[in-house]
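Per-entry structural report
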Amino acid sequence: MIASHPEVIIASSHISAHLKQIAKKVFNGERISFDEGVTLYKEGSLSFLGTLADFVRQKKSGDKVFFNRNFHVEPTNICVYSCSFCSYSRLIKNREQGWELSVEQILDIIKKYDGQPVTEVHITGGVVPKQDLAFYTELFKKIKAHRPDLHIKALTPVEFHYIFKKAKLTYEEGLKHFKEVGLDSIPGGGAEIFDKDIRDKIAGGKCTTEEWLSIHEIWHKMGNQSNATMLYGHIETFEHRVDHMERLRQLQDKTKGFNAFIPLKFRNKDNEMSNVPEVSVIEDLRNYAIARIYLDNFPHIKAYWAMIGRSTAQMALNFGADDLDGTIDDTTKIYSMAGSEEQNPKLSTQELVELIKQVGRTPIERDTLYGVVKDYSAVVFN
Ligand code: V47
Ligand code: SF4
């Protein structure tokens, strides 16, 4: 008889007693503590973490791997902030190197997808005074008037905080207003790393950790959903990563409003932190695995292929991830400008489905909120 994963780990003489203790908890469906999370980062081998994470992933999603058909709109790459990891933004004073789209220019982009079976537009970018409450109100209303079924996943607490402050609205008032004019859900960006010292160093001046969490909490309490990210692999420690996930886990216990957690690997091309080396693929996979183990109340872990490349994304599916994001259609520049393997991120549905089938999983096209659009297990492309 072949031994099960728990039996192999518990019987192994290479695994320390305290790692075995953590493994027992995970296999029994118990939550691990902050200190145990740090221990996993410091001592867990890739194979050990992969076994645990795969167990958790299998229990949550079975063989399903989710993706969607989406595209991005980046209304501007000019920004009043100057996060040191950002390769994308052009400061207001370097405006000539940037773009700043009007509502009509964005609508022209949206109209390019008329007749195509995309289900989501993901809108986020820099922060500029002109793209204010009135701008996004007009934009969301016009998108919904043109294509009511297109899910608008847009803006992050970084933009909300700036826009609402300028409009003299509370977070509640502002979010309620955007909901009324068409906003459907909130992407996970702007979280970076929640530890104050590190956040001040790499993303000083933009919304604080408390403000980021508060905006998501209010949005969830209004009955809506969102995602959460973590920018990792720069100057943070393992403790900072666990602290970041701990704060998310606590909020998720309260609201249950997060769908996916998306670890974002720091890329170092053409930014003020180019001297900071990028972490290895092994560390990426360990990080996916620990996220899957630690965030026991998050339904999904997303391996964002546009950021890490398709091969690493495929591997991540064995280390806790159950979602690959979407077709994207070469509509985002945030990662290509920061040095991602994917310089023109674009996958057809067929390519995404084949990526998933190659690793023996069941491709499920989802909508933004994880409703099943289509099961591709029996679909053969010609
Ligand atoms: O907040 C910017 C990150 C984020 C770099 O919710 C960088 O489905 C690495 O949040 N290296 C925005 N990361 C993107 C984002 C996102 C992406 C895909 C799906 C979803 C979702 C959300 O991009 C920023 C920042 O953390 N970022 N520069 C860089 N050099
Ligand atoms: Fe602006 Fe976002 Fe870049 Fe920071 S990460 S500089 S907020 S565009």
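What counts and what doesn't
- Residues numbered from 1 in each chain as written.
- Chains lettered and ligands numbered in written order.
- Predicted model: local features only at pLDDT ≥ 70, side-chain atom pairs only at ≥ 80, totals over all residues.
- Heavy atoms only, no water.
- Domains from an automatic or database assignment.
- Contact = heavy atoms within 4.5 Å.
- Salt bridge = Lys/Arg side-chain N within 4 Å of Asp/Glu carboxyl O.
- Polar contact = N/O pair within 3.5 Å; in protein donor to acceptor, adjacent residues only side chain to side chain.
- Helix = DSSP H or I, 4+ residues; strand = E, 2+ residues; numbered from the N terminus.
- Phe/Tyr/Trp six-rings, centres within 6.5 Å; stacked < 30°, edge-to-face > 60°.
- Buried < 20%, exposed > 50% of the residue type's maximum accessible area, 1.4 Å probe, protein only.

1. Thoughts on the domain arrangement of the protein
The domain architecture assigned to the protein consists of domain 1 (6-60) and domain 2 (64-375). For domain 1 and domain 2, the distance between their C-alpha centroids amounts to 29 Å. With 21 residues of domain 1 at the interface, the matching set in domain 2 holds 31 residues. For the interface between domain 1 and domain 2, the tally reads 4 salt bridges. In this structure, the connection of domain 1 to domain 2 is made through 9 residue pairs in polar contact (both at pLDDT 80 or more). For the side of domain 1 that touches domain 2, the elements supplying multiple residues, two or more each, are α3 (34-43) and α4 (46-61).

2. Structural notes on the packing of aromatic side chains
What the rule picks out here adds up to 17 aromatic pairs. Ring centres of Phe164 and Phe178 lie 5.7 Å apart, and the angle between their planes is 40 degrees; this geometry places the pair in the tilted category. On the criterion of sequence distance, the pair formed by Phe164 in helix α7 (residues 157-166) and Phe178 in helix α8 (residues 171-181) is long-range, its members being 14 residues apart. The residues Phe164 and Phe178 share a single accessibility class, namely buried. Judged by centre distance (6.3 Å) and plane angle (15 degrees), the rings of Trp212 and Phe258 are stacked. Of this pair, Trp212 sits in helix α10 (residues 209-221) while Phe258 sits in strand β8 (residues 258-265), and the two are 46 residues apart along the sequence. Here the two residues Trp212 and Phe258 agree in accessibility, since each one is buried.

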